[in-house]
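Results of the structural survey
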Amino acid sequence: MFKPFAALALGLLCLPFLVVAQTVPSPASFLGYTVGTKFTRHHQIVAYFNTVAQAKPDMVKIMPYGKTNEDRPLLVAAIGLPENIAKLEQIRKHNKGLVDGSVSDLNQPAIVWLSYNVHGNEPASSEAAMLTLFALVDPANTKTKDWLKNTVVMIDPCINPDGRDRYVNWYNNAVGNFYNADPAAREHMEPWPAGRSNHYNFDLNRDWAWQTQVETQQRIALYQQWYPQVHVDYHEQGFNEPYYFAPAAEPLHDVLTQWQKDFQVQIGKNHAKYFDQNNWLFFTKERFDLLYPSYGDTYPMYNGAIGMTYEQGGIGAGLGIVNESSDTLTLVSRAQHHFTTSLSTIEISAANKENLVAAFKKYFDNSRQGATSTYKTFVMTAKEPHALEALANLLKKNDIEVGTITNAASFKAFDYATKKEGDFVNEGFTLAVSTAQAHGILARVLLEPITQINDSNTYDITAWSLPYVFGVHGFASKEKISAQSGYSVPVVNISNSQYGYIIPYNSFKSAKVLAALLHKNIKVRYAEKPFTSNGVSFEPGALIVLKTSNQDNWAIDTKAICEAAQIQATAVSTGWAEKGTDFGSPDIRVINHAPKVAMFTGDNVGALAAGEVWNYFENQLNYPITQLNYSNLSRIDLNVYDVIIAPDGAYKDLIGKMVTDKLQAFTKKGGVLIALESAAQQLSNNADWGFKLKETPKQDKLDVNDVSKYGNSVKDALQSSIPGSIYKVYMDATHPLGFGTNGVYYTNKQDIAIYEPSKEVWNVGVVKKDSYVAGFVGYKAKAALQEGVLMGVKNVGMGKLVYLADDVVYRNFWEGGKLILANAVFLNGK
Ligand SMILES: [Zn+2]
């Protein structure tokens, strides 16, 4: 029973804050410690948000949006004045109406979305999230109530709970009774793989557009229900750095509007006011650019918001650390800085609510008119439907509408293959994307052949044009090309067979079918030469599943797997080929068991690189893989595996005697060793493996008139830099590693590593003088990347070494490369 008098009496007896605490607990009263004096584990953060929502249901609505790989809950809290929370759905629909053009009046609050702790070991921001939540609902705080008249605030307290808890649980076990501020202390040296990434070691701040990870997939689905006007992504940087906030650094993509740039300046000045009052240092306009589209700042920018990254100094700092100014940086102060910019962002957004909503509407009005793109329609074409399907799916996940060209359209357009204007030629299937649509600006950013950049000192890759990434033939037209809405692969119709099936092998989808068949213990044959059967002609790599040597379930399973993948398998009743090799030919190879695949991981291996391979097998190819700690190699029998993958890494003793003997014994007995990126480079340093890195052109003698200036050090470094650019790789499509590629692969080149052609190896993927396609490459790097081998296969005894210079499973969105890794695993040839 509620007794007003008793409550009043209690209030008189206790300190006033306790009265508040009974209704809305502060973080300190809920947790039992001042925020920043301990690390708060994720479940406690969630509990605090739920408790506040229960105490203030009229101001806080929790929107759970899913779970992480390790089953931690994901949520966003919407915070507003009671009148706005009561009509939250109405506000959401009104806001979406500005995006799709169905609403014209601007009378709504601005949506400010704050995303905390995307990188798990940058943990101060989730602590700040609790302070921000409390400040917004605390009845004693009248300022925030004023701001909430004009805003609805969305707080995602932790984008990456698995990474956060990995860091926090480790730190809590490493720290003693008191923190040790000595930077050399164990508590500041986080072990592999560190908490930055999610469960599969993916960097979630590189995944917004690609959505390869469950956290991103679920979050973007909610984000797209809203599309905020302001989005902040909270980070930490090295602990010696001060605080970074907007405005962002060059390069900026040229689709960004003057308003987006101007408002970043306004926000930055508002933050600077508070930082100056407290004598806190900060920097702006440096280092953090707005280009790569898959960040937590650019992705919102390309979707009409003011997207920003804020960075506190703090990685590795624990609860306290002595920095280079000989000051002790504490988690308390790191959380306070993020809390300050959180409130300052809401304040300045509230003060500019009309402008924010109007500019947001204008952004989407322009986008729907296609006003910001020279190209009006992008048309992609391919001989088979599945690479286009994969691209269509990615575009749809980004709210981009797709279509197909119905007629035998004839038009001139920029041809991505020749990099010149030319006639469009329909190769069989088409995917068309108009830039005149709500998300046409994002479509342009993702699909345009060349990203316009004015400065190349960027944090990330400078080219991601999706027709190249997906290995389909792109055309960019300055005219609007009419298209029919939607894209779907033709419905397959697979007959029953008593003899066998032929499955075309021409996209990553085919490789997934192969993986599924092998996983079901079905023996699969593949053709090394083209052939014609039942009136259908097949390219090398075509899969053949026969009743011969298989169990009873072979036909039902093969048909079901192909139908699920929508791959048209051809039922055959004879091993006779009308053209080319019959099924009994020595040119038809058999995969007589599902290969057992293992990979090196742990210390020595790049955490993100290991994650890419792990996630590729588990969530893309859907094929089992065993993770082997490289540091335990001496205790592991490699002979139980068929395939070993060495991802990018700084391996200790990879070319030492013990490891070399072990790996060579493995390959000589028939094993396949696949060395990626720097693992391949390290092997090439051992003559026993028989392949060599190409030497980079020798530096000219230094001229006294041409010596570097200290002030130009960044610019000079760019001359040798290649942060991530697209090169055309000429593939030998007659070699199993090149099957299904049509002879071309567009690689993401991130370094100048390139191998000597050799008669001792199969030089399957080579770059030539005309291979450069798009992205920034410094002139010295360009000179080094003239001619050479990027993918080689060397017979070693009965087995093989496959060396791949580049990251073929880059962030698991570089679709073209996924087929190549599958080829290396499954199709070993002679
Ligand atoms: Zn970060």
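Calculation notes
- Residues numbered from 1 in each chain as written.
- Predicted model: local features only at pLDDT ≥ 70, side-chain atom pairs only at ≥ 80, totals over all residues.
- Heavy atoms only, no water.
- Helix = DSSP H or I, 4+ residues; strand = E, 2+ residues; numbered from the N terminus.
- Rg over C-alpha atoms; globule rule 2.2 N^0.38 Å.
- Buried < 20%, exposed > 50% of the residue type's maximum accessible area, 1.4 Å probe, protein only.
- Contact = heavy atoms within 4.5 Å.
- Areas by Shrake-Rupley, 256 points an atom, 1.4 Å probe, with all protein chains shown as cover.
- Pairing = 2+ DSSP bridges.
- pLDDT = per-residue confidence, 0-100.
- Donors = N, O, S within 2.8 Å, 3.2 Å for Na, K, Ca; no water.
- Tetrahedral: all angles 85-135°; square planar, octahedral: opposite > 155°, others 65-115°.
- Phe/Tyr/Trp six-rings, centres within 6.5 Å; stacked < 30°, edge-to-face > 60°.
- Lys NZ or Arg CZ within 6 Å of the ring centre and 35° of its normal.
- Core = buried A, V, L, I, M, F, W, Y, C linked by side-chain atoms within 4.5 Å.
- Salt bridge = Lys/Arg side-chain N within 4 Å of Asp/Glu carboxyl O.
- Axes fitted to C-alpha atoms, helices over the stretch in contact; angles between N-to-C directions.
- Parallel < 35°, antiparallel > 145°, perpendicular 65-115°, else oblique.
- Left-handed = near helix turned anticlockwise from the far one by under 90°.
- Nonpolar A, V, L, I, M, F, W, Y, C, P; charged D, E, K, R; others polar.
- Expected span 1.5 Å × (residues − 1).

1. Describing the overall build of the protein chain
When helices and strands are counted, the protein chain shows 25 helices and 37 strands. Taken over C-alpha atoms, the radius of gyration comes to 29 Å for the protein chain, in line with the 28 Å a tight globule of 830 residues would show. The dimensions of the protein chain, computed from C-alpha atoms along their principal axes, are 95 × 70 × 65 Å. Counting over 830 residues, the protein chain shows a buried share of 60%. Partitioning the contacts of the protein chain with sequence separation of at least 6, the portion at a separation of at least 24 is 79%. Summing over all exposed atoms, the protein chain offers an accessible surface of approximately 33000 Å²; the carbon and sulfur share of this is 52%.

2. Description of the sheet that holds strand β23 (residues 536-538)
One open sheet holds the three strands; their spatial order is β23-β22-β26, and the pairing between them is antiparallel. Across the chains shown, the open sheet's two edge strands, defined by having one partner strand only, are β23 and β26 (579-580). The pairing of strand β22 (residues 531-533) with β23 spans three bridges and is antiparallel. Looking across to β23, one finds that phenylalanine 531 is bridged to phenylalanine 538.

3. Remarks on the pairing of strand β5 (residues 230-238)
Within β5, eight of the nine residues are buried, which leaves the element mostly enclosed by the surrounding structure. Sheet topology places strand β3 (residues 110-115) next to β5; four bridges connect them, and they run parallel. Looking at β5, one finds that tryptophan 113 is bridged to histidine 231. Across nine bridges, the pairing between β5 and strand β10 (residues 306-315) is parallel. Residue pairing in the sheet places tyrosine 234 in a bridge with tyrosine 310 of β10.

4. A look at the confidence of the model for the protein chain
Mean pLDDT for the protein chain: 94, with 96% of residues reaching 70 or above. Residue range residues 1-22 is modelled with pLDDT below 50. Its contacts to residues more than four positions away, or to other chains, number seven contacts.

5. Notes on unusual backbone geometry
In this structure, proline 247 follows alanine 246 across a cis peptide bond, with omega equal to 5°. Here proline 247 lies in the loop between β6 (243-244) and β7 (249-252). The linkage connecting glutamate 250 with the following residue, proline 251, adopts the cis geometry, with an omega of 0°. Mapping proline 251 onto the fold places it in strand β7. The backbone of tyrosine 227 shows a phi angle near 55°, a positive value even though the residue is not glycine.

6. Structural notes on the coordination of the zinc ion
In this structure, His119 (ND1), Glu122 (OE), Glu122 (OE) and His235 (ND1) serve as the protein donors to the zinc ion, at separations of 2.0 to 2.5 Å. Coordination at the zinc ion is irregular, judged from the four donor atoms that bind it and the angles of 56 to 159° they form at the metal. Read N to C, the donor residues that coordinate the zinc ion are spaced as H-x2-E-x112-H. In this pair, histidine 119 sits in the loop between β3 and α7 (124-137) while histidine 235 sits in strand β5, placing the two residues 116 residues apart along the sequence. Per residue, the accessibility class of histidine 119 equals that of histidine 235, and both read buried.

7. Section: the packing of aromatic side chains
Remark: the centre distance and the inter-plane angle together describe each pair of aromatic rings, the angle taken between the planes. For the structure on display, the rule yields 54 aromatic pairs. Judged by centre distance (5.1 Å) and plane angle (85°), the rings of phenylalanine 275 and tryptophan 280 are edge-to-face. Each member of the aromatic cluster is reached from another via a ring pair, and the members are Trp113, Trp208, Tyr223, Tyr227, Tyr299, Phe360, Tyr363 and Phe364. Its guanidinium or amino end placed over the ring of tyrosine 730, lysine 768 lies 4.2 Å from that ring's centre, counting from NZ or CZ. Residue placement shows lysine 782 over the ring face of tyrosine 772; its charged tip is 3.9 Å from the ring centre.

8. Considering the environment of alanine 781
Among the secondary structure elements, alanine 781 is positioned in helix α24 (residues 779-784). Judged by relative accessible area, alanine 781 falls into the buried class, the value being 1%. Spatially, the C-alpha atom of alanine 781 lies 6.1 Å from that of serine 721, the residues being 60 residues apart in sequence. Discounting residues that sit within four places of it in the chain, alanine 781 has contacts with Gln719, Ser720, Ser721, Ile722 and Ile752.

9. Regarding the side chain of glutamine 437
Tracing the backbone through its elements, the reader meets glutamine 437 in the loop between β17 (429-434) and α16 (440-447). Of the residues examined, glutamine 437 reaches a relative accessible area of 7% and is grouped as buried. Apart from residues lying up to four places away in sequence, glutamine 437 is in contact with Ser367, Arg368, Asp399, Ile400 and Glu401.

10. With respect to the nonpolar core
Judged by nonpolar contacts, the single largest core of 243 residues is most densely connected at Phe49, Leu466, Phe617, Ile645, Ile674 and Phe826. Considering each element in turn, this core owes the most residues, nine residues, to α7. The residues touching phenylalanine 49, leaving out its near neighbours within four places in the chain, are Ile62, Leu75, Ala77, Ala129, Met130, Leu133, Ile155 and Pro157. Counting residues in each nonpolar core, the second largest holds eleven residues, with Ile502, Phe538, Val572 and Ala577 among its members.

11. Looking at the pattern of salt bridges
Scanning the model with the defined rule gives 27 salt bridges in all. The shortest N-O distance in the salt bridge between arginine 206 and aspartate 203 comes to 3.6 Å.

12. With respect to the packing of helix α11 (residues 258-277) against helix α14 (residues 353-369)
In contact at an axis separation of 10 Å, α11 and α14 are set at 155° when each is read in the N-to-C sense. Taken as axis vectors, α11 and α14 run roughly antiparallel relative to one another. The handedness of the crossing between α11 and α14 is left-handed. Only Asn355, Leu356, Ala359 and Tyr363 of α14 make contact with α11, whose side of the interface consists of Trp259, Gln260 and Phe263. Residue classes in the contact of α11 with α14 are distributed as five nonpolar, two polar and no charged.

13. What to know about helix α18 (residues 508-519)
An ideal rise of 1.5 Å per residue puts 16 Å on twelve residues; α18 measures up with 16 Å between its terminal C-alpha atoms. Burial in α18 covers these residues: Phe508, Ser510, Ala511, Val513, Leu514, Ala515, Leu517 and Leu518.

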